[in-house]
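Topology and contacts: notes
Here is how the chains run, residue by residue.
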Amino acid sequence: MTATAASQELVSDLISFLNCGKSPFHVVAETRRRLLEKGFQELSESDCLQQVEGSAFVIRGGAAIIAWRRGRKTPCEAGFRIVGAHTDQPCLRPKPGLVKNAQGLNLLDVEPYGGMILATWPDRPLSLAGRLIVEVEGQVQTRLVSLDGPLCCLPNVAIHLNRSVNDEGLKLNKHKQMSPVLSMGSSADEAREALLESLAQRAQIPRSQILDHDLFLLEAEDATLWGMNQEFISSGKLDDLAMCHAGLRAMLESERGDQTAVLALFDHEECGSNSYRGAGSDFLPSLLARLAGSEPEALPRALSHSMQISADMAHAVHPLYADLHDGTHVPSVNGGPVIKVNHNQRYATDGLTAAVFRNLCKLLQVPCQQFVSRPDMPCGSTIGSLTAAYGIATVDVGNPMWAMHSVRESAGAQDAISMTSVMKAFLSGF
Ligand code: CO
């Protein structure tokens, strides 16, 4: 494959990954599928992991996954090389009761999840995906489900009824003004049953088996390239599926180095990471402890020469809002991976880890940029500082993008190629 063909393949593979990743559960299912295809062994956290050689992975709670490949040396001798990212995205999530009524219409009853830009959700067909909790022969199991098409829509009000909308912006109340229209009708019970019936059909199970659900609304439109030269990507969930994809491709394509290579994709970053399967949980530290081995001091010795790339998307300068950046650290879309620095440790980067990452970029002839939030504006946070606190030197990076947390975000195609190659070199032990 020529370099150009390889680049095109990577970008179209990212687009299909974005389209597959309809919910955190779907992201993990697609990651699992690709790992199995490449010979990674699927294990459970209840298995004994210390004796396992080669490449393997474990899934926690269906929406977080850690994959690893043993290095030529033990973790004690050479440490871990870790790439971390997150599987979740801000979105509307149906409440347990699913449906409510108003004005002779059935509405989906929803709760906003994470820091959504609420005003980007109206006037576009929305779809529904996630997992169903089912009972099969007395056992509680889960089934992925996706309705794969437009199900509901949140209509705006006309400008004639909201004359100030362009001066004051579209302000939406999370409780009163975010429930999408689902169907004609005035029986919430009937509409709920009909919806559960169609979810059951999609999952190919009888309705009677459904016990509960973990569902997510998403834009029904697929991801696409745009621009005169198709140099931009438009999609929901670029934050952070673009980094999950780069990390996964790097894990699948990197060479075995001295270090144990680890890919860790967590859920619940968008609500603070403190959960069973978030980066604040014991998922990563307990797994690293088990991989490090049972000799006394194995884990701290391994961690002392480990390094982590915490990968979460970054804010590119917007041509119409350039003054929202600090004026000196101004990343551009398609300008290469961004190192994120915050001296107050909202990002875990320091001069040393930044230099290691920058050197990798230089080795691969990939441009590299830096981002520092304006000191008079609150800085975002990510999984980096949480996992760094276990004792792992960390660099926070991400690809530059526009419209983070909009229902549809934009990023650069070239950056996807650059970041994947840097992560590949990192996991290969360069
Ligand atoms: Co993110």
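Provided above is the structure to which this section pertains.
Residues numbered from 1 in each chain as written. Predicted model: local features only at pLDDT ≥ 70, side-chain atom pairs only at ≥ 80, totals over all residues. Heavy atoms only, no water.

Another point: the overall build of the protein chain. Of the regular secondary structure elements, the protein chain holds 11 helices and 20 strands. In terms of overall size, the protein chain behaves like a compact globule, its C-alpha atoms giving a radius of gyration of 22 Å where 430 residues would be expected to give roughly 22 Å. Projected onto its principal axes, the C-alpha positions of the protein chain cover 65 × 60 × 45 Å. For the protein chain, the proportion of its 430 residues judged to be buried stands at 53%. By sequence separation, contacts in the protein chain at least 24 residues apart represent 78% of the contacts at least 6 residues apart. Split by element, the accessible area of the protein chain, about 18,800 Å² in all, is 51% carbon and sulfur. Taken together, the 37 basic and 47 acidic charged side chains of the protein chain have centroids lying 2 Å from each other. (Helix = DSSP H or I, 4+ residues; strand = E, 2+ residues; numbered from the N terminus. Rg over C-alpha atoms; globule rule 2.2 N^0.38 Å. Buried < 20%, exposed > 50% of the residue type's maximum accessible area, 1.4 Å probe, protein only. Contact = heavy atoms within 4.5 Å. Areas by Shrake-Rupley, 256 points an atom, 1.4 Å probe, with all protein chains shown as cover. Lys, Arg positive; Asp, Glu negative; His and termini not counted. Charge placed at Lys NZ, Arg CZ, Asp CG, Glu CD.)

On to the state of the cysteines, then. The tally for this structure, following the rule as stated, stands at 0 disulfides. Between C48, a cysteine without a disulfide, and C76, which holds the nearest cysteine sulfur, the sulfur-to-sulfur distance is 17 Å. Left unpaired, C152 is separated from the closest cysteine sulfur, that of C153, by 7.6 Å. (Disulfide = S-S within 2.5 Å.)

A few words on the coordination of the cobalt ion. Each protein donor to the cobalt ion is listed here as H86 (NE2), D239 (OD), D312 (OD) and D312 (OD); together their distances run 1.9 to 2.7 Å. With 4 donor atoms in place around the cobalt ion and angles of 52 to 139° between them, the coordination shape is irregular. Going along the chain, you hit the donors of the cobalt ion in the pattern H-x152-D-x72-D. Taken together, the residues H86 in strand β4 (residues 80–86) and D312 in the loop between β14 (307–311) and β15 (314–315) connect sequence positions 226 residues apart. According to the relative accessible area criterion, H86 is buried, its value standing at 0%. (Donors = N, O, S within 2.8 Å, 3.2 Å for Na, K, Ca; no water. Tetrahedral: all angles 85-135°; square planar, octahedral: opposite > 155°, others 65-115°.)

Next up on the list: the sheet that holds strand β10 (residues 210–219). Reading across from one edge, β8-β7-β10 is the order of the 3 strands in this open sheet, with antiparallel pairing throughout. Here the strands that pair on one side only, and so sit at the sheet edges, are β8 (139–146) and β10. Direction aside, the axes of adjacent strands within the sheet are offset by 15° on average. In this sheet, β8 lies alongside strand β7 (residues 126–136) in antiparallel orientation, the contact comprising 8 bridges. (Pairing = 2+ DSSP bridges. Axes fitted to C-alpha atoms, helices over the stretch in contact; angles between N-to-C directions.)

Across the sheet, 9 strands lie side by side as β1-β2-β3-β13-β4-β14-β18-β16-β17; this open sheet has mixed pairing. Looking at which strands have only one partner, the edges of the open sheet turn out to be β1 (41–43) and β17 (369–372). Between one strand axis and the next, the sheet turns through 25° on average, direction left out of account. In terms of strand pairing, β14 meets strand β18 (residues 393–398) through 5 bridges, oriented parallel. Paired with M307 across the strands is A393, a residue of β18.

So, on to the pattern of salt bridges. Should their charged atoms come close, side chains of opposite charge can pair. Taken as a whole, this structure holds 25 salt bridges when the rule is applied. The salt bridge partner of E219 is R408, with a shortest N-O separation of 2.5 Å. Residue E219 is located in strand β10, and its partner R408 is located in the loop between β19 (400–402) and β20 (409–412); the two are separated by 189 residues in the primary sequence. When salt bridges with common partners are traced through the structure, they connect E9, D13, E30, R33, R34, E37, R249, E253 and K424 into a single cluster. (Salt bridge = Lys/Arg side-chain N within 4 Å of Asp/Glu carboxyl O.)

Next up on the list: unusual backbone geometry. Cis geometry marks the peptide bond from D239 to D240, where omega comes out at 15°. Inspection of the secondary structure assignment puts D240 in helix α6 (residues 238–253). Backbone geometry places H268, a non-glycine residue, at a positive phi of 65°. Taking the relative accessible area as the measure of exposure, H268 reaches 16% and is therefore buried. At A403, a residue that is not glycine, the phi angle is positive and equals roughly 65°. On the secondary structure map, A403 appears in the loop between β19 and β20. By relative accessible area, which is 38% here, A403 ends up partly exposed.

Here we come to the packing of aromatic side chains. All chains considered together, the criterion is met by 4 aromatic pairs. Between W226 and F232, the ring centres sit 4.5 Å apart and the planes meet at 35°, which makes this aromatic pair tilted. Take W226: its relative accessible area is 34%, and that puts it in the partly exposed class. Taking the centre distance of 6.5 Å and the plane angle of 45° together, the rings of W226 and W402 count as tilted. You can see W226 sitting in strand β11 (residues 224–226) and its partner W402 sitting in strand β19, a full 176 residues away along the chain. Taken together through their ring pairs, the aromatic side chains of W226, F232 and W402 make up a single cluster. (Phe/Tyr/Trp six-rings, centres within 6.5 Å; stacked < 30°, edge-to-face > 60°.)

A few words now on a nonpolar patch on the surface. On the surface, L320, Y321, L324 and M377 cluster together to form a nonpolar patch covering roughly 420 Å² of accessible area. Secondary-structure assignment places L320 in the loop between β15 and β16 (338–341). With relative accessibility at 70%, the residue L320 sits in the exposed group. (Patch = residues over 30% accessible without salt bridge, like charges linked within 9 Å, V, L, I, M, F, W, Y side chains within 5 Å.)

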